[in-house]
Amino acid sequence: MIPLSKMPLILILAGLIPAFTMPALARWKRELCAPYAIAVCGLVFSVALYLFSFVVRGEVLPLYVGGWEPPWGIEIAIDPLSGMMAILITGLALLIAIYSYHALRKEMKAEARGWYYVEFLLCMVAMLGLVITKDLFNMYVFIEVVGLSACALVVSKGERIAVEASLKYLILATIGSGFVVFGIGFIYMVTGHLNMAMAGQVLVENASRYPYLLWAAMSFFVVGFGVKSALFPLHLWLPDAHSSAPSPSSAVLSSLVVKVYIVALFKIFFVVFGTVLYQESYIRYLILILASAAMVGGSLFAFVQLELKRRLAYSTVAQIGYIYLGIGLGTPWAIVAAFMHLIVHALMKTCLFLCAGAIYYQTGRKKVTQLAGLGAKMPLTAAAMTVASFSMVGIPLTGGFISKFMLARGSIEAGYPYFIILIVVSGLLNAMYYFPILWQIYFVSPGEHDEHGEDQENGTHGNQGDHGSHDSGGSFKWDQIPLTMKIPIAATAAGVVVLGIVGIFMFDYLQKIVSLYLG
Amino acid sequence: MNFEALLTNYPYLVSVIIFAVGTLIVLTQPNLIKKVIGLNVMTNAIFLFFIALGNIEGGEAPIVDPAAPAVLYVNPLPSALILTGIVVSFSVTAFAMALIVKLYFFYGTLNAPDFMKMR
């Protein structure tokens, strides 16, 4: 049996080794790839749960890789933040892997599927590594692995538009990681340490000697992670990449990949630079301004999109703004709200993207104007979409309400009560582009959609959609999607509701993160 | 502004300038291959920065000779890190090239602005 002290490493290796054996499996037994990936995700999820059970009791599990202590060795640790993120990443990855089993048969060529799972597992493992590492350069390596595998996930469908989006993503992400590694260089220059906690200690003592260098480092980190996590004016790659990827990849990219960079930025700000230095810095105001711009601008961009997945992608830009707002405010409640929103958004955006994939699977439709009458044809998907949309808007009894409420409380605590207006306005803007979708689904009969949607279509997608729309006029029928697609959709939607009801009880846990990092 | 400090630490200045040039190439060049070259210029500037960081004036190569230990060694850690960085940069370049080849099959050109017209 593996000793507990080695378990954080197992968390990574349990996914990494199967990821590299997957190509061999794809070569010889292609049909086994999907079950294998699900099994691996299940294994990693159970390891994460096991580790989480210790974290809940307030333990922190550090591991020095290779047995060398921090000044020289690499430290990885399962603390409340990384434990929570590990559960979120592996749990959602498991659901998405189950979903991929049938969804990919429709969306991807058979030869590409094995490679898809390689990228999928690599991406999951790299995200896990990114959240549990305590070493700056190790973090950079994981950032690159996440970036490359995310680009590969985008391109896995092999369409022209996906290749273009992926190249755009790759170039901008590489610029982003260039800025990040330059920032790491600055930190190393001042402190001589790569371990975050140790660099933080030295930095606190020497901060007054190198003010400009530290400000430069901070802004480099904000630009670098801003590009990678799609902070508003730097989000240009996101809509193309997220909308052209296959639906399961979009769910991974939108709900997890952009979030882990925020977690990494959070760790750098609050561990390396420290709370005091961060509160004094001016970059905080830049984050607040950009986050506000994201909350309004992202929603406005989303409003004009007609393609469902593109609208969801722009909605991600807006929701990232909420998380950055919480981090920018920097008070304990705001941080709690930011992490709450991070979890809730991960769940609801996964749910929405999986619903979009399910709609494409059954009807072949991609535009928001073509969704008429789906309430009767795909009741489960429609219900899940309703729940997730309500959560996006922030209606009570859903997770989105709680996180937005906490964010409002955080902004009062930080002394900027006018951000509440912004949160409300952004919520209304969310309603403006989600409720028309729901209106289409429930209250427009399928006949109307023909005049409505077809003239904007140039026919190609409309033809695919026909076999769904003929047989089921207005009569009620369960979704014609396989069980493997229903389960993840139902589970994520249920998760959103559960978080909305019992989310209050998570605050104790989130407070632990705050007390650990903000000191 | 202390220019003397800037001149004595010229490797840092140079690497920041090269970094800026590389970023400019990536963002402004329409040709995709040139964009990738810019990407490499950019990452190499970072490597230069790290190597300059590890250099200590008058330091020896960090190989300890038990018979005659030197007083001052060059810091080997940044060089080791950059070895990893080079591998990462290489794989990014390879991946970008693969994508560009694929785009060339689709469009028959490497000029990014033309893609919008052909779509």
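Sequence positions are assigned chain by chain, starting from 1 and proceeding in written order. Here every chain gets a letter starting at A, and every ligand a number starting at 1, in the order they are written. Given that this is a predicted model, residues contribute local features only at a pLDDT of at least 70 and side-chain atom pairs are listed and counted only at 80 or more, while totals for whole chains, interfaces and linings are drawn from all residues.

What about the overall build of chain B?
Using the following cut-off: Helix and strand assignments follow DSSP, with helices taken as H or I runs no shorter than four residues and strands as E runs no shorter than two, numbered in order from the N terminus. Computation of the radius of gyration draws on C-alpha atoms alone. For the globule rule, the value is 2.2 Å times the number of residues to the power 0.38. Whether a residue is buried, exposed or partly exposed is read from the other C-beta atoms within 10 Å of its own C-beta, which are placed from the backbone; 20 or more gives buried, 12 or fewer gives exposed, and intermediate counts give partly exposed. By the criterion used throughout, residues are in contact when their C-beta atoms, derived from the backbone, lie within 7 Å.
A count of helices and strands for chain B gives five helices and zero strands. Reading chain B from its N terminus to its C terminus gives the helix and strand order α-α-α-α-α. Computed over C-alpha atoms, the radius of gyration of chain B comes to 20 Å, more than 25% over the 14 Å expected from 2.2 N^0.38 for 119 residues, which places it beyond the range of a compact globule. When the backbone C-alpha atoms are referred to their principal axes, chain B occupies close to 70 × 40 × 10 Å. Considering chain B as a whole, with its 119 residues, one finds that 23% of them fall into the buried category. In chain B, the share of contacts with a sequence separation of at least 24, taken over all contacts with a separation of at least 6, comes to 49%.

Considering helix α5 (residues 136–155) of chain A
Just so we agree on the cut-off: An expected span of 1.5 Å times one less than the residue number is assigned to each helix.
If you check α5(A), its first and last C-alpha atoms are 29 Å apart, about what 20 residues at 1.5 Å a residue would give, namely 28 Å. The buried fraction of α5(A) amounts to 20 of the 20 residues, a majority that puts the element mostly inside the structure.

Concerning the nonpolar core
Residues and elements named next belong to chain A. So the rule is basically this: Note on terminology: a nonpolar core is any set of buried Ala, Val, Leu, Ile, Met, Phe, Trp, Tyr and Cys residues joined through C-beta atoms within 7 Å.
One finds Leu121, Cys123, Met127, Val146 and Cys351 to be the most contacted residues of the largest nonpolar core, which totals 229 residues. No other element matches the 24 residues that helix α13 (residues 332–363) contributes to this core. The residues touching Val146, leaving out its near neighbours within four places in the chain, are Cys123, Ala126, Met127, Leu130, Val257 and Val260.

So, the packing of helix α3 (residues 80–107) of chain A against helix α10 (residues 247–280) of chain A
For any two helices packed against each other, the geometry comes down to the angle between their axes and how far apart the axes lie. All names here are of chain A. Worth spelling out the cut-off: Fitted lines through C-alpha atoms give the axes, limited to the stretch in contact for helices. The angle between two N-to-C directions lies from 0 to 180 degrees. Convention used here: angles under 35 degrees read as roughly parallel, angles over 145 as roughly antiparallel, angles from 65 to 115 as roughly perpendicular, and any remaining angle as oblique. Take the far helix as your reference; a near helix turned counterclockwise from it by less than a right angle gives a left-handed crossing, and one turned clockwise gives a right-handed crossing. Classes in brief: Ala, Val, Leu, Ile, Met, Phe, Trp, Tyr, Cys and Pro nonpolar; Asp, Glu, Lys and Arg charged; the others, Gly included, polar.
Contact geometry of α3 with α10 gives a least axis separation of 8 Å together with a crossing angle of 165 degrees. Relative to α10, the element α3 is oriented roughly antiparallel. Crossing hand, α3 versus α10: left-handed. Between α3, through Leu81, Met85, Ile89, Leu92, Ile96, Tyr99, Ser100, Ala103, Leu104 and Glu107, and α10, the contact on the second element is made entirely by Ser247, Pro248, Ala251, Val252, Ser255, Leu256 and Val263. Looking at side-chain class alone, the contact of α3 with α10 contains 13 nonpolar, three polar and one charged residues.

Things to note about the environment of Arg113(A)
Turning to its location among the elements, Arg113(A) is positioned in helix α4 (residues 110–132). In this structure, the C-alpha to C-alpha distance between Arg113(A) and Tyr101(A), residues twelve residues apart in sequence, is 9.6 Å.

Some points on the environment of Tyr434(A)
All names here are of chain A. Within the secondary structure, Tyr434 is located in helix α17 (residues 419–443). What makes Tyr434 buried here is the crowd of 26 C-beta atoms within 10 Å. Along the primary structure Tyr434 and Ile10 are separated by 424 residues, whereas in three dimensions their C-alpha atoms are 41 Å apart.

Some points on helix α2 (residues 33–56) of chain A
Residues and elements named next belong to chain A. An ideal rise of 1.5 Å per residue puts 34 Å on 24 residues; α2 measures up with 34 Å between its terminal C-alpha atoms. When α2 is considered as a whole, its buried residues turn out to be Cys33, Ala34, Ala37, Ile38, Val40, Cys41, Val44, Phe45, Val47, Ala48, Leu51 and Val55. The elements touched by buried residues of α2 are α1 (7–28), β1 (61–64), β2 (75–78), α3 and α4.

What to know about the interface of chain A and chain B
On the chain B side, the residues contacting the 21 residues of chain A number 25 residues. Taken together, the elements giving at least two residues each to the side of chain A that touches chain B come down to α5 and α6 (160–191) of chain A. Along the lines of polarity and charge, the residues of the side of chain A that touches chain B split into 14 nonpolar, four polar and three charged.

Let's talk about unusual backbone geometry
Residue and element names in this part refer to chain A. Despite not being glycine, Ala230 has its phi angle at roughly 60 degrees, a positive value. As for its position among the elements, Ala230 is in the loop between α8 (211–228) and α9 (237–244). By the C-beta count within 10 Å, which is 31 here, Ala230 ends up buried. Of note in the backbone geometry, Leu397 takes a positive phi value of approximately 75 degrees without being a glycine. Structurally, the position occupied by Leu397 is in the loop between α15 (379–393) and α16 (399–413).

Some words on the confidence of the model for chain A
Note that predicted coordinates carrying low pLDDT should not be read in detail. All names here are of chain A. Put simply, the rule is: Per-residue confidence from the predictor is given as pLDDT, running between 0 and 100.
Overall, the predicted model of chain A reaches an average pLDDT of 86, with 94% of residues at or above 70. In the model of chain A, helix α19 (residues 460–464) stands out as the element of lowest mean pLDDT, 42, in contrast to α5, which has the highest, 92. Contacts from residues 449–473, a stretch scored under 50 in pLDDT, to residues over four places away or in other chains number 30 contacts.

Topic: the packing of α4(A) against α5(A)
Residues and elements named next belong to chain A. Viewed as axis vectors pointing N to C, α4 and α5 meet at an angle of 155 degrees, and their least axial separation amounts to 8 Å. Between α4 and α5, the crossing angle belongs to the class labelled roughly antiparallel. You can see that α4 and α5 cross each other, and the crossing is left-handed. Residues Glu119, Phe120, Leu122, Cys123, Ala126, Met127, Gly129 and Leu130 of α4 touch α5, and the partners they reach there are Met139, Phe142, Ile143, Val145, Val146, Ser149, Ala150, Ala152 and Leu153.

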